[in-house]
Amino acid sequence: MNKIGVRDLVGFILRSGDLNSAMNSTNTAQAGTRIHQKLQRDRPEDYQAEYYMSQTEQINGHEFTVDGRADGVIMHETTAEIEEIKTSDIEFKELPKNKLTLYWGQAKAYAHLLMEANPRLENVTLKLTYVQTPDEIITQTEQTISKQDAAEFFDDLIEEYEEWIRLQDSLYLEKVESAQAAQFPFGAYRTGQRELASVVYKSVLYHKHLFAEAPTGTGKTISTLFPVIKAMGSQLTERVFYLTAKQSTRRVAEEAITMMSKTGLSIHSITLTAKDKIKFPEEADLRPEQNPYMVGYYDRLKPALKDILTHEHQITRPTIEKYVRKYTLDPFEFSLDTSMFCDVIIGDYNYLFDPRVHLTRYFEVENPNNFFLIDEAHNLVDRSRDMYSTDLTSGPIKSLIDIFSEDKEKNKNILTKLRSLKRAFNAIAKPLKDEHKTSAEYTDENEKLTKSVSNLIKVLRKWLAKTKPSKTTDQVLDYFFQLISYIKINEYFGPNYKLRVLIDDNGITVRLFCMDPSPFLADTLNLGGGAVLFSATLSPMDYYSSVLGDEDDSLKYKLDSPFDSKNQKILATSYIDTRYNNRAQSIPKIVDSIKALIDGKKGNYLVFAPSNQYLSNIFDAFHEKYPNVKLVKQESAMDDDARTDWLMAFENPETDPVLGFALLGGIFSEGIDLVGDKLIGVGIVSVGLPGLNHETNLIRDYFDAKNGHGFEYAYQLPGLNNVFQAAGRLIRGTKDKGVILLMDNRFISSRYNAFFPKSWYTFNIVHNLNELIYSVKNFWNSN
């Protein structure tokens, strides 16, 4: 049986007016619950709190349960009272009309359900109790509704909702029938593709989490998307989220859907673009109440939704921009509203995993009809650490005190809380200053600081709710959101965290640093009906599964490379030592080895080094010794145009060959395709270890205590993944050939090569430059 809550029904049908983020409350759900329970305890004995009611409706041939819980009900002989309690930090008199319409609409719908279940009732008194936080100022209003008026109101809701259910049913039928008939778009499967697709389908069927390594060439995008689409045809799942770290991989997912649509697949997909990127230039300096794309947003939303869903299937950024221009709607919010009707949602990791910005409309509660595909999952390790870490600095406090001191009497409470937070910062920094230290770590939460932050949030929330937007409010808002972020992340603080205190010229910073986000990732993945986390480089599997939320019944699957191992030669030098203390001495040998690599055959080559400084030193030394070789080097800051120009240098390998220098682990070490002759050799300097730093050491110590593999988890395996990703730029197709040159003698140690992928087991050691020259020439002569 289908089900819809009264709140959702009323919200969808009666939403109207402006989209105004300034009028959104920043109250937490916990605070609202506390106020509800406090008020309910004070009510008379015959008051029934959290009163459940429901009714079955036939909507377009489906049986729907419409249900909900009124905050309180008092029953009389022929009448009743329904109380709805609402909390917000906005003054009651400032509440927009469309918000009150929703509040009263919810109460009226409950009145109908109550009178239908109790035929003796002739009318119901509706009581709206509004609590303005943080001071808990209560405003009560009421109105009475008759049985007939309530029934007419409810019938109107159901009638309009049925129109949307008809649209949804037609879209669903279209999806299921086309997914059932869908054929694999390439006809024949590549080696390993059918096996991968099969295990992905089983992950959907049995609601499992699958960790899959699918090397370059296996077509991992189509091999994961296609079986989930087929599962939709079997009605095993309803919606898939395809999430990734990079825009380039999102485009690959779009291309896969395009290919399937050409063979008859008819589903709705949407690519979500970040709010700051999809915003129109003319919106940049406009307040919400001035922005034509936000004013009256909900009055124009439904016609736009019907239009786009009727005429479009693959909805990308240009598609969204076309329709929001037509209907004058906010692009980002319209994307989200449209996504509610889509079968495939493509976007960034943070829409699911980041606790501060995840999509609440999807991920507040578990929904087994959602399935997650997590592409390039190796990137999620560091990204998720950032998502569950946060900083709060004392720096802005002084300027905020100056702002609020302009009216000391009016802002007395805010100034008190700002000074209290300043004292909390000073108290936490005092032991460091006494010992002339600039940093320290603690395993426990600082409760005094947390309390001061919470108290300041309360008074700033009240001030912001009353104050009109200005440059001053923007400055206050910036710090307010930092405070909110700190409190949000502090909720997760536990044994997998360190509280870091840092002192510099800008003030005191308290950092909540998450060393191991895996428990949170596991909880998040369990919000759906299953997940596949996949990458070309997910070795060793035990490491990646453990740091990405592994569970006892998770599945693990590794595909062999589909390419002939004879097409690439992997050479490891025993005569180059790139450890930090030997870097200066290593450069002449590296330069000569690179020259030996490119002399083997005319064409394009890429060299990767682990830091900008080391890269520049190698680049300068090579250019000085071999000035006639065409070189390009990755710069520290490159926009999209600069990146495109850099890659264009590799377009003519026969007539204009180039040697590129790029950062290991940087923008050109993964996500780029230089197919065929566009790249015939890759040189990698060092084993890719992250630079020594205190937080990586904290990760090392944490995992040493947890499983005895601290160095591997913190340094070695992340570094090797950078190496494998960079090397993966070379062989992108069945006809590609080339040489991978590993320039670091640590590669010949079992401590490192024990983690090599299967396709690297045939690597060769070269002991000097002459052996390298011979090996490279021998490879090309045999090919």
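Summarised in this report is the structure supplied together with it. (Residues numbered from 1 in each chain as written. Predicted model: local features only at pLDDT ≥ 70, side-chain atom pairs only at ≥ 80, totals over all residues. Heavy atoms only, no water.)

What to know about the packing of helix 15 (residues 397-404) against helix 18 (residues 471-490)
Put simply, the rule is: The axes used here are C-alpha line fits, helices contributing only the stretch in contact, and every angle between their N-to-C directions lies in the interval 0 to 180 degrees. Elements are defined by DSSP. Helices are runs of H or I of four residues or more, strands are runs of E of two residues or more, and each kind is numbered from the N terminus. Each angle is binned into one of four classes, with values under 35 degrees roughly parallel, values over 145 roughly antiparallel, values of 65 to 115 roughly perpendicular, and all other values oblique. For a crossing to be left-handed, the near helix must be turned anticlockwise from the far one by less than a right angle; the clockwise case is right-handed. Two residues qualify as a contact provided that any one of their heavy atoms is within 4.5 Å of a heavy atom in the partner residue. For this classification, the nonpolar set comprises Ala, Val, Leu, Ile, Met, Phe, Trp, Tyr, Cys and Pro, the charged set comprises Asp, Glu, Lys and Arg, and every other residue, Gly included, is treated as polar.
In the contact formed by helix 15 and helix 18, the axes pass within 11 Å of each other and the chain directions differ by 140°. Relative to helix 18, the element helix 15 is oriented oblique. As for how helix 15 packs across helix 18, the hand of that crossing is left-handed. Across from Ile-397, Ser-399, Leu-400, Ile-403 and Phe-404 in helix 15, the residues of helix 18 making contact are Thr-472, Gln-475, Val-476 and Tyr-479. Taken together, the residues of the contact of helix 15 with helix 18 sort by class into 6 nonpolar, 3 polar and no charged.

Remarks on the sheet that holds strand 9 (residues 269-271)
Sheet strands pair via backbone hydrogen bonds, and the direction of the pair is either parallel or antiparallel. What counts here: Pairs of strands are assigned from DSSP output, requiring at least two bridges between the strands.
Spatial strand order, 10-9-11-8-12-17-7-18: 8 strands in an open sheet with parallel pairing. In this open sheet, the two strands that pair with only one neighbour each are strand 10 (314-315) and strand 18 (555-558). Alignment of strand 9 against strand 11 (residues 344-348), held across 3 bridges, turns out to be parallel. Looking across to strand 11, one finds that Thr-271 is bridged to Ile-346.

Some words on helix 10 (residues 317-327)
Defined as follows: Buried, partly exposed and exposed residues are distinguished by accessible area as a fraction of the type maximum, computed with a 1.4 Å probe on protein chains only: under 20%, between the cut-offs, and over 50%, respectively. The directions from the helix axis to the C-beta atoms form the arc being described.
Within the sequence span of helix 10, burial applies to Thr-319, Ile-320, Tyr-323, Val-324 and Tyr-327. Buried residues of helix 10, seen end-on, are gathered within an arc of 120° and therefore sit on one face of the element. The outward face of helix 10, more than 90 degrees from its buried face, is lined by the exposed residues Pro-318, Lys-322 and Lys-326. Contacts from the buried residues of helix 10 go to strand 9, helix 8 (275-278), helix 9 (297-311), strand 10 and helix 11 (331-339). Thr-328 sits one or two residues past helix 10 and shows a positive phi near 55°.

Some remarks on the sheet that holds strand 22 (residues 659-663)
Spatially, 7 strands are ordered 21-22-20-23-24-19-25 in an open sheet, and the strand pairing comes out parallel. Lying at the two open borders of the sheet, with one neighbouring strand each, are strand 21 (631-633) and strand 25 (764-766). Here the average twist between neighbouring strands, direction ignored, is 20°. Inspection of the sheet shows strand 19 (residues 568-573) paired to strand 24 (residues 738-743) by 5 bridges, in the parallel sense. Bridge pairing links Ile-570 to Ile-740 in strand 24. Lying over the sheet, helix 25 (residues 710-727) contacts strand 20 (605-609), strand 23 (681-685) and strand 24, oriented at roughly 165° with respect to strand 23.

Quick notes on the packing of aromatic side chains
Here is the rule: Two rings from Phe, Tyr or Trp (for Trp, the six-membered ring) form a pair when their centres are within 6.5 Å of each other. A pair whose planes differ by under 30 degrees is stacked, one over 60 is edge-to-face, and the rest are tilted. In this analysis the charged atom, NZ for Lys or CZ for Arg, is taken to sit over a ring once it is within 6 Å of the ring centre and within 35 degrees of the ring normal.
In total, this model carries 38 aromatic pairs according to the counting rule given. Between Phe-404 and Trp-463 the ring centres are 5.1 Å apart and the planes differ by 80°, which places this aromatic pair in the edge-to-face class. Remark: Trp-463 occurs in helix 17 (residues 447-466) and Phe-404 occurs in helix 15; sequence separation between them is 59 residues. For the pair shown, Phe-404 and Trp-463 are each scored as buried. The interplanar angle of 75° and the centroid separation of 4.8 Å between the aromatic rings of Tyr-543 and Tyr-713 together place this pair among those described as edge-to-face. Taken together, the residues span a long stretch of sequence, with Tyr-543 in helix 20 (residues 541-547) and Tyr-713 in helix 25 at a distance of 170 residues. Here Tyr-543 matches Tyr-713 in class, with each residue buried. Between Lys-108 and the ring centre of Phe-153, over which it is positioned, the NZ or CZ distance is 5.4 Å. When the ring centre of Phe-280 is taken as origin, the NZ or CZ atom of Arg-325, which lies over that ring, is 3.7 Å away.

All we've got here are geometric facts, nothing functional implied.
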